[in-house]
Amino acid sequence: MDDDTAETVAGGTGAGGGPEPGVSDSLRTFGAFVQALREHAGFSREEFGEHVRFSKHTVASIEQGRRMPDRDFVERAEAALGNTGALRKAAPHLTRQVGLASWFRQWARLEATAISLYTYECRVVPGLLQTEAYARAVSLNVPPLPDPEELEQRIAARLARQELLAVTRKPPTAFSFIVEQAVLERWTGGEAVTREQLDRLLELIERNWNVEFQVMPTRQPSHAGMDGPMRLAETPDNQWFAYSEGQQNGRLIASPKEISLLQQRYAKLRSQALTPEDSLGLLKRMRGAL
């Protein structure tokens, strides 16, 4: 996530997603290295493409870090660029975050190692809890519509993040979710999607002892979350970061003063929401009514 200046970064996560998938640092670095070797060898992109039997557009995508090079590309590039072994050794260390909007990448890295994650959401079911069908419905509801490939990448990335919920992680992450009742009653995607989503929530709550889930009732005169959704993360060295998201933007927050304020608000939200036991009962009643 971000730095202590609480700078605006770019991306979308829980809701529709965002305008474009992010590019990982390792892909960008690998691409720059390929370009440097190609230019040192005196090849244009088109000439190099002929050597590796890929189009110049594919070469450009790899050099710009927008595409993961496959094994054939790496081997042919090695042969064309002197068989130094550098590309072959670098390739296993490449990672990609396809499907994660660019402004969300920093938060995703913090999220991956956090020991505590708190989420208040008033728009959609948090991405870590979404079913595939729900994630698809959300993505298709928010213009502009993604093309089929981007849609599948976005959904795959969201589902992959859900591995963070596993109790087998060492140490397992402690999760707290507070979700508005109206979000669950919206029927995003229709009745069948809602039924499956409620089943998913019930399964997680009853199976994963590291997940605490609370519903904020629709009728709640005192509400500390009026400024919108928020997320808080605690790192293994007990530092806290926060993330907030709006239309077409996201913001990573590292300022201790701002984080303290958000922690106060989250603590108040916990006291205002239904207890975990009452929330579970409400979910069961909602599921039974479908």
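This structure is a prediction, so every number in the text was calculated from the model and none was measured.

Draft legend 1. Summary view of helix 7 (residues 132-141). The complete set of buried residues in helix 7 reads Tyr134, Ala135, Ala137, Val138 and Ser139. Packed against the buried residues of helix 7 are helix 8 (148-161), helix 9 (181-184) and helix 10 (191-207).

Draft legend 2. Here's a closer look at the packing of helix 7 against helix 8. The N-to-C vectors of helix 7 and helix 8 enclose an angle of 135°; their axes lie 10 Å apart at closest approach. With respect to their mutual orientation, helix 7 and helix 8 come out oblique. Both helix 7 and helix 8 take part in a crossing whose hand is right-handed. Note on element contacts: helix 8 touches helix 7 through Leu151, Glu152, Arg154, Ile155, Arg158 and Leu159, opposite Glu132, Ala135, Arg136, Val138, Ser139 and Leu140. Counted by class, the contact of helix 7 with helix 8 contains six nonpolar, one polar and five charged residues.

Draft legend 3. Just the nonpolar core, in detail. Counting 37 residues, the largest nonpolar core has Trp107 and Phe213 as its most contacted members. Among the elements of the structure, helix 6 (105-113), helix 7, strand 3 (174-180), helix 9, helix 10, strand 4 (211-216), strand 6 (240-246) and helix 12 (276-288) are those that each provide at least two residues to this core. Ranked by residues supplied to this core, first place goes to helix 10 with six residues. If you look at the next biggest cluster of nonpolar residues, it comprises 16 residues, including Leu27, Phe30, Val52 and Ile62.

Draft legend 4. Examining helix 2 (residues 45-52) more closely. Where helix 2 is concerned, the buried positions are Phe48, Gly49 and Val52. Seen from one end, helix 2 has its buried residues packed into an arc of 105°, which puts them on one side. Its buried side turned inward, helix 2 meets helix 1 (25-41), helix 3 (56-63) and helix 4 (71-80). One or two residues past the end of helix 2 sits Arg53, with phi positive at roughly 60°.

Draft legend 5. Main features of the side chain of Arg154. Mapped onto the elements, Arg154 comes out in helix 8. For Arg154, the side chain forms a polar contact with the side chain of Glu150, separated by 2.8 Å.

Scoring rules and cut-offs
Residues numbered from 1 in each chain as written. Predicted model: local features only at pLDDT ≥ 70, side-chain atom pairs only at ≥ 80, totals over all residues. Heavy atoms only, no water. Buried < 20%, exposed > 50% of the residue type's maximum accessible area, 1.4 Å probe, protein only. Helix = DSSP H or I, 4+ residues; strand = E, 2+ residues; numbered from the N terminus. Contact = heavy atoms within 4.5 Å. Axes fitted to C-alpha atoms, helices over the stretch in contact; angles between N-to-C directions. Parallel < 35°, antiparallel > 145°, perpendicular 65-115°, else oblique. Left-handed = near helix turned anticlockwise from the far one by under 90°. Nonpolar A, V, L, I, M, F, W, Y, C, P; charged D, E, K, R; others polar. Core = buried A, V, L, I, M, F, W, Y, C linked by side-chain atoms within 4.5 Å. Arc of directions from axis to C-beta. Polar contact = N/O pair within 3.5 Å; in protein donor to acceptor, adjacent residues only side chain to side chain.

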